Amino acid sequence: MRSPSGLPDLDSAERVHVERMHALLRAEVEAAGGAIPFSRYMDTVLHAPGIGYYRAGWRTFGAGGDFVTAPEISPLFASAVARQVEQALSSIGVREVIEIGAGSGAMAAQMLLDLSLGGAVRYRILEPSAALAARQRETISARAPGALASVSWIGALPEPGFRGVVLANEVVDALPVERFEATANGVLAHWVGFDHGGPVWCPQPAEPWLAEAVESLQHELGYRFPVGYVSEIGPARCAWAASVAERVECGLVLLMDYGFPRREFYHPDRRDGTLRCHFRHRRHDDPLVLCGLQDISAHVDFTALARASGLDVAGFTTQGAFLLGCGLLDLIADIDPGTPEFVALTARIRRITLPGEMGEAVKVMALARGMEVQLMGFSERDHRARL
């Protein structure tokens with residue numbers, strides 16, 4: 001059972017879990033004739049019912065998990081986002097919110113507290129993981145007990161005709177991608193096989209659709225990828241964006257995630273792609289180990305999502321600029337700068353706003369239909385031209 005050097009040792013339960021995931025992967029690989037696309041591998045190890053990383057009940061988020069998202073760093077993140085949501089809801093004239101993949105429930109709990117100040121809100125959480133749904137209910141019950149009655153959990157997107165706001169914070173980067181490699185003889189696809197007791201890379205000539213997609217990217221960008229260049233492409237993510245968009249009759253889709261506009265995503269210097277793994281707050285780049293125990297993500301091509309959605313791009317900026325545009329600093333204006341509370345809050349604000357932290361790496365994109373309001377979150381800086 002391979003494990004990258006520097007990562008913590010596994011306990012007996014974790015080793016058993018990896019063995020179960022290996023058995024599932026081995027069966028899938030054998031049924032497919034010896035190898036499966038990386039997208040299928042990624043989807044299996046992250047989302048397989050009952051055993052995938054997000055479905056097995058591991059404590060994935062927060063200090064006791066494998067990584068920390070902005071809502072866990074500070075409730076001020078959710079309070080700032082709530083200001084943008086409130087502005088959008090007021091513009092539409094409804095109070096409906098759907099949060100996709102609510103993680104630990106930290107953002108939902110704080111937003112419910114803030115949004116309730118403007119009136120009752122119907123808040124739905126789309127969460128396929130029963131374990132995460134239970135944790136979200138626990139978090140909301142503890143932090144916003146009076147709002148729990150207004151929350152419901154759904155297993156699928158609503159029918160077309162939705163009016164309101166859809167939120168997705170660090171959701172798209174966990175959706176599966178294909179990996180490709182440029183070679184002197186064409187495009188290789190990075191598939192996954194099974195050998196010597198674990199998953200192994202099985203590069204093979206790309207299927208026509210993938211080769212054509214890579215060729216189209218190079219034509220659009222105006223340069224050829226250098227030999228050995230590895231990156232990702234996410235048709236499943238584009239399908240997801242289109243599916244969300246077709247449900248929205250009037251409203252806002254607010255996406256917050258690690259990623260870039262297309263030209264930056266496929267920059268020639270980014271020759272190893274954006275794939276990354278997290279295990280107990282250690283980051284590494286081998287997705288074929290710790291199967292079912294580690295997070296695997298790849299950055300988002302925001303240009304692709306915007307085009308696939310067919311919605312109006314109402315704003316695109318960095319997380320730091322978005323939060324400041326939403327009045328993040330106003331939320332601590334009444335706190336004495338000389339107090340420990342202020343020092344602690346400002347330290348957390350730096351983590352979610354500064355370029356060296358999450359402030360620049362995470363982008364925020366607003367997709368809208370039937371809305372004319374100028375969104376406050378993009379008043380500081382709006383980088384739509386980069387898309």
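Please refer to the structure higher up on the page.
Summarised in this report is the structure supplied together with it. Computed from a predicted model, the values in this text were never measured in an experiment. (Residues numbered from 1 in each chain as written. Predicted model: local features only at pLDDT ≥ 70, side-chain atom pairs only at ≥ 80, totals over all residues. Heavy atoms only, no water.)

1. Some remarks on helix α7 (residues 208–221)
- Its 14 residues give α7 an end-to-end C-alpha distance of 20 Å, which sits within 8% of 20 Å, the value for a rise of 1.5 Å per residue.
- Buried residues of α7: Leu 210, Ala 213, Val 214, Leu 217, Gln 218 and Leu 221, and no others. Buried residues of α7 fall within an arc of 135° about the axis and therefore sit on the same side. Those residues of α7 that are exposed and angled more than 90 degrees off the buried face are Pro 208, Glu 212 and His 219. (Helix = DSSP H or I, 4+ residues; strand = E, 2+ residues; numbered from the N terminus. Expected span 1.5 Å × (residues − 1). Buried < 20%, exposed > 50% of the residue type's maximum accessible area, 1.4 Å probe, protein only. Arc of directions from axis to C-beta.)

2. Comments concerning helix α12 (residues 340–353)
- End to end, α12 covers 20 Å across 14 residues, agreeing with the expected 20 Å (1.5 Å per residue, within 8%).
- Looking at α12, one finds that the buried residues are Phe 342, Leu 345, Thr 346, Ile 349, Ile 352 and Thr 353. Around the axis of α12, the buried residues are gathered within 120° of arc, so they sit on the same side. Of the residues in α12, the exposed ones pointing more than 90 degrees away from the buried face are Pro 340 and Val 343.

3. A word on the sheet that holds strand β11 (residues 276–279)
- In space, the 3 strands of this open sheet follow the order β12-β11-β13, with antiparallel pairing throughout. The open sheet terminates on both sides in strands that have one partner only, identified here as β12 (282–284) and β13 (295–297). Pairs of neighbouring strands in the sheet enclose a mean axial angle of 25°, with direction left out of account.
- Inspection of the sheet shows β11 paired to β12 by 3 bridges, in the antiparallel sense. From the neighbouring strand, Cys 277 faces β12, where its bridge partner is His 284. (Pairing = 2+ DSSP bridges. Axes fitted to C-alpha atoms, helices over the stretch in contact; angles between N-to-C directions.)

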